[in-house]
Amino acid sequence: MPYRLEVENLNVYFGESHILKDINININNNMVTSLIGPSGCGKSTFIRTLNRMNDTIPTFKKDGTVLLDGKDIYDPNVDVVDLRKKVGMVFQKPNPFPKSIFDNVAYGLGIHGVNDKDIISKKVEESLKAAALWDEVKDKLEMSAMGLSGGQQQRLCIARTIAVEPEVILMDEPCSALDPISTTKIEDLIHKLKNDYTIIIVTHNMQQATRVSKCTAFFLHGEIVESGLTDKLFMEPVDKRTEDYITGRFG
Amino acid sequence: MNRIISPKNSQKIMETIFWASGIFTVFLLILVIGYILVNGLPVINLNFIFGQPIDNGAAGGILPFIISTIYVTFVALVVATPLGVGGAVYLAEYAGENALVKAIRFGSEILASIPSIVFGLFGFAFFVVYLDFGFSVLSGGLTLALMAMPTILRTAEVAIESVPKSYSEGSMALGASKWQTISQVILPAAVPGIITGVILGMARAVEETAAILYTVGAAIQAPVSIFDPGQPLPLHLYTLATEGISMPFAYGTAAVLVILILVITIVTNTLVDRYTKKMMGR
Amino acid sequence: MTEKKEDKFVQWVLFATGISSILIIILIIAFIFREGLPAILQIGFFNFIFGMVWNPDNGIYGVFPMIVGTLLTTLIALLFAVPLSLCCSIFLAEIAPPNMRKILKPTIQGLAGIPSVVYGFFGLVIIVPFMRIHFGGSGFSVLSASLILTVMILPTIISISEDALRSVPYEYNEASLALGATQWQTIKNVIFPAALPGIITAIILGMGRAIGETMAVIMVAGNVVQIPGSIFEPVRTLTSNIALEMGYATGIHYNALFATGIVLLTVIIILLLIANYINYKKRVTIGGGYL
């Protein structure tokens, strides 16, 4: 099976600082991959490189290649807008728009040219169901999304991402701002979604990585120290630094 | 997807429009200032600045008008600064969030937006007639003070509020009273911001015309006493231009005004710049 | 004085300066009404506001043509200024690279700082002759006044709208881009709607500035008391009316000018109340509930 994402010799700089150093990693299809590591190790920068969100930062520079389905996403002919449609993202802090619940999910459809009202309502319902939020909000779709709880907001953001039918979903510490119950709901959701999507999740919660992901990569000081199957990485780490980190000796 | 214009193309079109509007705005400023300076600078020389006017300003110089401007602006600031800064300290340090504070804020908002000619009406009815100050530097300056006050108040309030809380806590913890803390810790830290506010208020007083139209008089000689009438530069420019006294001198006076305002703006910006840099730790 | 007493004294002084802005407002309103109300009472509210003739020599005082003049010049100025300043504020807040911002910010300050009498002078020597040559008539016209007002209210609308756009959380921007929206789609569908209350406030304050402007308008509008047949005809605004006639008005004429001031003052206070209400509304809706 070909890899969905292949990253080769990726280096990322913000101005003078060298944030990511010689990153090489392949990400499998329809599987959850966790990125773990202490704060400031570059894992968030890394996933923001995968949908080119770093392009919004003026001092961003990179070399190396990132292939999505075999095609370089930084090729000058690639349109960032198309790329971000294929590679969706869920952010650390839930960031619904100050619009109604319905309009939040419908937003992505509108910008991609879907005008048919029936299709939109159907798609909104499907996405909210897929994000396990439908039952909680189906009677108040016109309510402002700002009135939802943090956990509900984050699931709404996932629904919003699913609605544009991405192939890959990037999640940047999606539970770090949430309570334990909401966290469980999101993790259950990730389990459900992995059959249809390739998911990459950044987390500094190691238990979460073991619960949700098949593969894990350990980042430290902008490098990938070790990567592979989650079970193996946690049970029999090869690198001393990985062992120190997962046994809680630092970070 | 049957759209007439694709999202990518509309992005390009709108980006062009936004750039064009930005550049057009810069062009407008250059047009106005450039035109005034190109026509006005050749008129300006030492004689023009320091000379006495001849024939109602058709020849000679504009010294009395410059002196009038400085004089009324000075009176305005002497009155407006304590009121504005005092009000700012009260709002920032003493008042809570209650109906009175809301009323004060709304009052200063109204003061900031009342048409200047209405200030002129009030100045005439109250200072000139009711208090019997006559057409004078005092009447004009006091009217301008009312206009400059809200500017000073708002800028000073922001400056005082941006002084870190830890400063005043540090001082209070040493047993200083509230006023000692304010006068010795908070106000000194806020001084650059307060000065900026005073300069902005000054700019408003220097450029104002309608409010002094019927308060300051229209004397050709420079005022000596505070009860003498004067004729600040904007008023003089208005007279020159609308009564067709001298077009070249109108350009010259306009250029002097524009340069004054530019200098004031640049000084403020430098101050603000230096202040922010200092606050950020150089 | 003991420290405690000194503190009390200072607090009392500061309180007095604090409420001075309220006292000044009350004093201004009181004096304008004191001088203006007799005219309204004598002429009759309806005759004053809706009277079509302003003829002090014969004791007829109707300000309706001036109300129309003020509204007309203001609305046409907004017609030009709103699109231009909204584009410019979006440019500043979202698009302009840092060096372009460094040019634009002082530009806007500069435009705001130019004295209104200088704008009037510029209109008198540039716009009025231009109008005369290209559109006939004297050149002193509604359009000349509107064009000058356009430039004068640009900085107000631009700087307040820019603040409103900038205060939209960056997260909204990111969320929209991550869904594959273009920057323009993001601005149009997310940032602009979120900033709308602030932008409306900006427009209202710009409108207030246009309504209250005196010197620039007086120098280019022609000041004929009439309801203009076209935008190329001269017009007189409420503010100009006061400034033009205060110099020689006596008796009821004098009071009628203060009554004109009452009209202006009322309009400005209503506009401010609307602007405050919109800001209040915004704070309420952001908290949740139905949009």
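See the structure printed just above.
Source: prediction; values computed, not measured.

Rules of the game
Residues numbered from 1 in each chain as written. Chains lettered and ligands numbered in written order. Predicted model: local features only at pLDDT ≥ 70, side-chain atom pairs only at ≥ 80, totals over all residues. Heavy atoms only, no water. Helix = DSSP H or I, 4+ residues; strand = E, 2+ residues; numbered from the N terminus. Rg over C-alpha atoms; globule rule 2.2 N^0.38 Å. Contact = heavy atoms within 4.5 Å. Areas by Shrake-Rupley, 256 points an atom, 1.4 Å probe, with all protein chains shown as cover. Lys, Arg positive; Asp, Glu negative; His and termini not counted. Charge placed at Lys NZ, Arg CZ, Asp CG, Glu CD. Buried area = accessible area lost by both parts, 1.4 Å probe. Salt bridge = Lys/Arg side-chain N within 4 Å of Asp/Glu carboxyl O. Polar contact = N/O pair within 3.5 Å; in protein donor to acceptor, adjacent residues only side chain to side chain. Pairing = 2+ DSSP bridges. Axes fitted to C-alpha atoms, helices over the stretch in contact; angles between N-to-C directions. Nonpolar A, V, L, I, M, F, W, Y, C, P; charged D, E, K, R; others polar. Buried < 20%, exposed > 50% of the residue type's maximum accessible area, 1.4 Å probe, protein only. Core = buried A, V, L, I, M, F, W, Y, C linked by side-chain atoms within 4.5 Å. Domains from an automatic or database assignment. Parallel < 35°, antiparallel > 145°, perpendicular 65-115°, else oblique.

*Asks:* Looking at this structure, I do not really get the overall build of chain A. What am I missing?
*Replies:* The number of helices and strands found in chain A is 10 helices and 10 strands. What you see for chain A is a C-alpha radius of gyration of 18 Å, in line with the 18 Å of a compact globule of 251 residues. With respect to the principal axes defined by its C-alpha atoms, chain A has extents near 55 × 45 × 35 Å. Taking all contacts inside chain A whose residues are at least 6 apart in sequence as the whole, residues at least 24 apart take part in 68%. On chain A, roughly 10700 Å² of surface is accessible, and the fraction owed to carbon and sulfur atoms is 49%. Of the charged side chains in chain A, 30 are positive and 35 negative, and the gap between their average positions amounts to 3 Å.

*Asks:* I would appreciate a short explanation of the overall build of chain C in the present structure.
*Replies:* On a plain count of helices and strands, chain C comes out with 11 helices and two strands. Principal-axis analysis of the C-alpha atoms places the extent of chain C at approximately 70 × 70 × 40 Å. Here the contacts in chain C between residues at least 6 apart in sequence split such that 71% fall between residues at least 24 apart. Accessible surface for chain C amounts to roughly 11600 Å². Of this, 69% is attributable to carbon and sulfur atoms.

*Asks:* I'm lost on the interface of chain C and chain B in this one. Help?
*Replies:* In many analyses, interface size is given as the accessible surface area lost on bringing the parts together. The interface of chain C with chain B comprises 77 residues on the first partner and 76 residues on the second. Regarding the contact of chain C and chain B, the summed buried area is about 6900 Å², with carbon and sulfur atoms giving 81% of it. The tally of links between chain C and chain B comes to zero salt bridges. In this structure, the connection of chain C to chain B is made through nine residue pairs in polar contact (both at pLDDT 80 or more).

*Asks:* It is not clear to me how the sheet that holds strand β1 (residues 5-14) of chain A should be interpreted in this structure. Could you clarify?
*Replies:* Strand pairing within a sheet occurs via backbone hydrogen bonds; the two strands may be parallel or antiparallel. Residues and elements named next belong to chain A. An order of β2-β1-β4-β5 is seen for the four strands of this open sheet, with the pairing classed as antiparallel. Here the strands that pair on one side only, and so sit at the sheet edges, are β2 (17-27) and β5 (71-72). By the bridge criterion, seven bridges tie β1 to β2 in an arrangement that is antiparallel. Residue pairing in the sheet places V12 in a bridge with L20 of β2. Strand contacts of helix α1 (residues 43-50): β1, β2 and β4 (60-68), with the helix running at about 115° to β1, the strand carrying the most contacts.

*Asks:* Just checking my understanding: could you explain the environment of E187(A) for this structure?
*Replies:* Residue and element names in this part refer to chain A. With respect to the helices and strands, the residue E187 is situated in helix α7 (residues 180-193). Note: C-alpha distance between E187 and A209 (22 residues apart in sequence) is 9.9 Å. Leaving out residues up to four positions away in the same chain, E187 has contacts with Q208, R211 and V212. For E187, the side chain forms a polar contact with the side chain of Q208, separated by 2.9 Å.

*Asks:* How should I be thinking about the interface of chain B and chain A in this particular structure?
*Replies:* The partner chain A presents seven residues to the four residues of chain B that form the contact. Put simply, chain B and chain A have two salt bridges between them. Among the salt bridges present, the one from K8(B) reaches D82(A), with a minimum N-O distance of 3.3 Å. Applying the counting rule to chain B against chain A returns two residue pairs in polar contact (both at pLDDT 80 or more). By residue class, the composition of the side of chain B that touches chain A is two nonpolar, no polar and two charged.

*Asks:* It is not clear to me how the pattern of salt bridges should be interpreted in this structure. Could you clarify?
*Replies:* As a working rule, side chains carrying opposite charge can pair if their charged atoms are close by. Enumeration over the complete set of coordinates arrives at 22 salt bridges over all chains. Between R52(A) and D55(A) there is a salt bridge, with the nearest N and O atoms lying 2.9 Å from each other. For D55(A), a relative accessible area of 30% corresponds to the partly exposed category. Among the ionic pairs, R166(C) bridges to E162(C), the shortest N-O distance being 2.7 Å.

*Asks:* Help me understand the environment of E157(B), please; the structure alone is not making it clear to me.
*Replies:* Residue and element names in this part refer to chain B. Residue position: E157 is located in helix α6 (residues 137-161). For E157, a relative accessible area of 7% corresponds to the buried category. Not counting the four nearest positions on each side in its chain, E157 is found in contact with A88, L91, A92 and R105. Within the structure, E157 has its side chain in polar contact with the side chain of R105 (distance 2.7 Å).

*Asks:* What is the right way to read the sheet that holds strand β10 (residues 223-229) of chain A from this model?
*Replies:* Residues and elements named next belong to chain A. If you walk across this open sheet you meet the six strands as β6-β7-β8-β3-β9-β10, and the pairing is mixed. With partners counted over all chains shown, the strands left at the sheet margins are β6 (87-90) and β10, one partner each. Taking each pair of neighbouring strands and ignoring which way they run, the sheet shows an average axis angle of 15°. Where strand β3 (residues 32-36) and strand β8 (residues 198-202) come together, four bridges link them in parallel fashion. Across the sheet, residue V32 finds its bridge partner in β8, namely I199. Packing against the sheet, helix α6 (residues 150-163) makes contact with β6 and β7 (168-172), and its axis sits at approximately 170° to β6.

*Asks:* Just checking my understanding: could you explain the nonpolar core for this structure?
*Replies:* Within soluble globular proteins, side chains that are nonpolar tend to cluster in buried spots. One finds F48(C) and F121(C) to be the most contacted residues of the largest nonpolar core, which totals 200 residues. In terms of residue count, the dominant contributor to this core is helix α3 (residues 64-95) of chain C (16 residues). No fewer than three residues from each of domain 1 (1-33) and domain 2 (62-279) of chain B sit in this core. If we skip the residues at most four places from it in the chain, F121(C) touches I36(B), L237(B), A241(B), M247(B), A250(B), Y251(B), A254(B) and M219(C). Among the nonpolar cores identified, the runner-up in size contains 35 residues, and L109(A), V124(A), I162(A) and L189(A) belong to it.

*Asks:* Would you mind showing me how to read the pairing of strand β9 (residues 215-220) of chain A here?
*Replies:* For a regular strand, side-chain orientation follows a simple rule: the groups alternate between the two sheet faces. Residue and element names in this part refer to chain A. When you tally the buried positions in β9, you get six out of six residues, the bulk of the element. Of the two faces of β9, the one carrying C215, A217 and F219 and the one carrying T216, F218 and L220 are both buried. Direction of pairing for β3 relative to β9: parallel, over a ladder of four bridges. If you follow L35 over to β9, its bridge partner there is A217.

*Asks:* In this structure, what is going on with the packing of helix α1 (residues 7-40) of chain B against α3(C)? I would like to understand it.
*Replies:* Any two packed helices are characterised by how steeply their axes cross, that is the angle between the axes, and by the distance between the axes. With their axes 8 Å apart at the nearest point, α1(B) and α3(C) run at an angle of 105° to one another. For the element pair α1(B) / α3(C), the angle class is roughly perpendicular. Residue-level contacts link E15(B), I17(B), F18(B), W19(B), S21(B), G22(B), F24(B), T25(B) and L28(B) of α1(B) to L84(C), C87(C), C88(C), I90(C), F91(C) and I95(C) of α3(C). Counted by class, the contact of α1(B) with α3(C) contains 11 nonpolar, three polar and one charged residues.

*Asks:* Would you explain unusual backbone geometry in this entry?
*Replies:* At H221(A), a position not held by glycine, the phi torsion is positive, near 50°. You can see H221(A) is positioned in the loop between β9 and β10. Relative accessible area serves as the criterion here: at 58%, H221(A) is assigned to the exposed category. Phi is positive for D132(B), close to 60°, though the residue is something other than glycine. With respect to the helices, strands and loops of the structure, D132(B) is situated in the loop between α5 (116-130) and α6.

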